[in-house]
Amino acid sequence: IPMKGEIIYSQVFSTEQCVLSPWQSNLFGFNESICNIHRVIEMVHPLDVDHVWHNTLQAMDLIYSPNSENRRFIYRSTYRILYKSHKYIRILRETAPLLFDEKGKIIATVSRSTDITHLGHHSELKGWLTFPDKTIDLMNHLKHKISKREKEILYYLAKGFSSKSISNYLSI
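On a predicted model such as this, the values are computed, not experimentally measured, just so you know.

**Student:** Kindly report on the overall build of the protein, identifying the contributing residues and their values.
**Tutor:** What the protein contains, in helices and strands, is five helices and eight strands. The proportion of buried residues among the 172 residues of the protein is 37%. Long-range contacts, defined here as pairs at least 24 residues apart, represent 49% of the contacts in the protein between residues at least 6 apart. Total accessible area on the protein stands at roughly 10900 Å², and carbon and sulfur atoms take up 57% of it.

As structure tokens, this is what we get:
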């Protein structure tokens, strides 16, 4: 049974459906027990969506890398999500695999989301992947994969500069 401020749900990938625990309305205000995953994604704070998306993709790349045979893991991420009172709260989402197909691909997961707003750091975003023998900080892992030049380009793209303007400005 979830504690106060928690929601537990399972996601089935082939149908993009989430099966929510009966206690979900305590945190997010859902009245139904099955909802489309896109409805949950729409609740993520607009400034956090890209972070959550990229961390999740990176975690999947690591899980399915040729070097990784271990399917026992927990993917954790912190971000803001819309609360039932139409304000944002900060949550810790912990996701573990529930079912795999015959090729080893995840077909269902179970997740627990916990309200951690009371801990402060309201806009802090984190992501990490924990295996039985190691933990990978997805934020630091990403920092090492992007060069200084790529960060400059991303900065100007985020500011709304065109590719041509960026190339002229950076002499590319």
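**Student:** Help me get a handle on the environment of Leu-125, residues and values and all.
**Tutor:** Within the element layout of this structure, Leu-125 appears in the loop between strand E6 (106-115) and strand E7 (126-131). With a relative accessible area of 22%, Leu-125 lands in the partly exposed category. For the pair Leu-125 and Asp-48, spaced 77 residues apart in sequence, the C-alpha to C-alpha distance is 7.6 Å.

**Student:** I'd love a proper account of the packing of aromatic side chains, names of residues and values included.
**Tutor:** According to the stated counting rule, one finds three aromatic pairs in the structure shown. When the centroid spacing of 5.1 Å and the interplanar angle of 65° are considered together, the rings of Tyr-156 and Tyr-169 count as edge-to-face. With Tyr-156 in helix H4 (residues 148-158) and Tyr-169 in helix H5 (residues 163-169), this pair connects stretches of sequence that are 13 residues apart. Chaining the aromatic ring pairs together yields one cluster made of Tyr-156, Phe-161 and Tyr-169. Directly above the ring of Tyr-64 sits Lys-105, whose terminal nitrogen or CZ lies 4.1 Å from the centroid.

**Student:** An account of the nonpolar core is requested, with residue identities and associated values reported.
**Tutor:** Residues Ala-59, Leu-62, Ile-63, Phe-73, Tyr-75, Ile-106, Leu-129, Phe-131, Ile-136 and Leu-138 constitute the largest nonpolar core, which totals ten residues. The set of elements that each furnish at least two residues to this core consists of helix H2 (49-63) and E7. Element by element, the count of residues in this core is highest for H2, at three residues. Excluding its chain neighbours within four sequence positions, the residues that come into contact with Leu-138 are Asn-55, Gln-58, Ala-59, Leu-62, Tyr-75, Gly-127, Trp-128 and Leu-129. Tyr-79, Ile-81, Ile-89 and Ile-91 belong to the second largest nonpolar core, which has seven residues in total.

**Student:** Residue-level account of the environment of Asn-36, with values.
**Tutor:** Examined against the element boundaries, Asn-36 turns out to sit in strand E3 (residues 34-36). Distance in space between the C-alpha atoms of Asn-36 and Val-19 is 8.9 Å, their sequence separation being 17 residues.

What counts and how
- Residues numbered from 1 in each chain as written.
- Predicted model: local features only at pLDDT ≥ 70, side-chain atom pairs only at ≥ 80, totals over all residues.
- Heavy atoms only, no water.
- Helix = DSSP H or I, 4+ residues; strand = E, 2+ residues; numbered from the N terminus.
- Buried < 20%, exposed > 50% of the residue type's maximum accessible area, 1.4 Å probe, protein only.
- Contact = heavy atoms within 4.5 Å.
- Areas by Shrake-Rupley, 256 points an atom, 1.4 Å probe, with all protein chains shown as cover.
- Phe/Tyr/Trp six-rings, centres within 6.5 Å; stacked < 30°, edge-to-face > 60°.
- Lys NZ or Arg CZ within 6 Å of the ring centre and 35° of its normal.
- Core = buried A, V, L, I, M, F, W, Y, C linked by side-chain atoms within 4.5 Å.

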